[in-house]
Amino acid sequence: MSAPHTAVQAMAFTEATLARFAREVAKYPAEQKQSAVMACLSIVQQEQGHVSAAAEKGIGDYLGMPAIAVHEVTTFYNMYNQRPVGKFKLNVCTNLPCVLRDGSKALAHLEKKLGIHMGETTADGLFTLQQSECLGACADAPVMLVNDRHMCSFMSHDKLDQLIDGLKAAEGQA
C-alpha cells in the first residue's frame, strides 16, 4: 500500500524574486520559458540557501511546468541544496579517478575531523559534507569544491586540515 499523497503548497515569491525570474525568462523565446528553470532554481537558492519542495512547485507554476520536472533538475545537479546546509558546503569528488588518487581517504579524513558522516551538517551549522561525481579536475585529485565556487586540488590530509582550520578561524571558532 502506498503512502498518502501530500499536496505541496506553492511558494509565494517576492516581487523582487519574480522580477529576477522575469529577467531570466526574457532570455528565451516565449514558448521556451522552461529553459530558465536552472536560473530560477539558482535565484531561490541564493535567496533562501536551499530549494524546498514548495519553491520547486512555485517555480513550476511560474514556468508552466510540472513540479516533478523542476524536482528532476534540482536532484540531478549537486549544486542545488534540497535542505538547509552549513555555511561551508564541502563537496569531495568520489568519482573513480579521484578515488584512485585518495578521494575516498580525503572524504574519510573530513568525516573524522568534522565528526560527521557524508551528507550531514556539523552541530554548529558551519560545515556540510557531501560527495560529488566528477568535478572535472581528475589530474588534480583528490579534489573538492567549497560552496559550489572554490575548487581545491591535491587535497592531502594536511591541506584538508589547513582548509578546515582556516575556515573555522575565519568564523572565530578556532
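This structure is a prediction, so every number in the text was calculated from the model and none was measured.

### A short note on the pattern of salt bridges
Within the structure shown, the criterion is met by eight salt bridges. A salt bridge links Lys87 to Glu171; the nearest nitrogen and oxygen atoms lie 3.0 Å apart. Of this pair, Lys87 sits in the loop between α4 (67-76) and β1 (88-93) while Glu171 sits in the segment after α7 (157-170), and the two are 84 residues apart along the sequence. Under the relative-accessibility criterion, Lys87 is labelled partly exposed at 47%. A residue is classified by how much of its surface remains accessible, and Glu171, at 30% relative accessible area, is partly exposed. Asp102 is the partner of Lys105 in a salt bridge, and the nearest nitrogen-oxygen pair spans 3.6 Å. Through salt bridges that share partners, Lys113, Asp161 and Asp165 make up one connected network.

### A closer look at the sheet that holds strand β4 (residues 150-152)
Strand pairing within a sheet occurs via backbone hydrogen bonds; the two strands may be parallel or antiparallel. Strand order in this open sheet of four strands is β2-β1-β3-β4, and the pairing throughout is mixed. One side of each edge strand has no neighbouring strand; the edge strands of this open sheet are β2 (127-132) and β4. Averaged over neighbouring strand pairs, the angle between their axes works out to 25° when direction is ignored. Relative to β4, strand β3 (residues 144-146) is paired through three bridges, and the arrangement is antiparallel. Opposite Met144, over in β4, you have Cys152 as the bridge partner. Running at roughly 150° to β1, helix α6 (residues 103-114) makes contact with β1, β2 and β3 of the sheet.

### Concerning the packing of aromatic side chains
Evaluated as defined, the whole model comprises five aromatic pairs. What links up through ring pairs into an aromatic cluster is the set Phe13, Phe21 and Tyr62.

### Details of unusual backbone geometry
Residue Pro142 is reached from Ala141 by a cis peptide bond, and omega for that bond is -5°. For Pro142, the position within the fold is in the loop between β2 and β3. Although it is not a glycine, Asp102 adopts a positive phi angle of roughly 80°. The topology assignment puts Asp102 in the loop between α5 (96-100) and α6.

### Re the packing of helix α3 (residues 53-63) against α4
In contact at an axis separation of 8 Å, α3 and α4 are set at 120° when each is read in the N-to-C sense. The orientation of α3 with respect to α4, classified from their angle, is oblique. As for the relative orientation of α3 and α4, their crossing is right-handed in sense. In this structure, α3 contributes Glu56, Lys57, Ile59 and Gly60 to the contact, and α4 contributes Ala67, Val70, His71 and Thr74.

### Here we look at the environment of Lys27
With respect to the element layout, Lys27 can be found in the loop between α1 (15-25) and α2 (37-48). Classification of Lys27 by relative accessible area gives exposed; the value is 57%. A distance of 3.0 Å separates polar atoms of two side chains, one belonging to Lys27 and the other to Glu24.

Criteria and thresholds
- Residues numbered from 1 in each chain as written.
- Predicted model: local features only at pLDDT ≥ 70, side-chain atom pairs only at ≥ 80, totals over all residues.
- Heavy atoms only, no water.
- Salt bridge = Lys/Arg side-chain N within 4 Å of Asp/Glu carboxyl O.
- Helix = DSSP H or I, 4+ residues; strand = E, 2+ residues; numbered from the N terminus.
- Buried < 20%, exposed > 50% of the residue type's maximum accessible area, 1.4 Å probe, protein only.
- Pairing = 2+ DSSP bridges.
- Axes fitted to C-alpha atoms, helices over the stretch in contact; angles between N-to-C directions.
- Contact = heavy atoms within 4.5 Å.
- Phe/Tyr/Trp six-rings, centres within 6.5 Å; stacked < 30°, edge-to-face > 60°.
- Parallel < 35°, antiparallel > 145°, perpendicular 65-115°, else oblique.
- Left-handed = near helix turned anticlockwise from the far one by under 90°.
- Polar contact = N/O pair within 3.5 Å; in protein donor to acceptor, adjacent residues only side chain to side chain.

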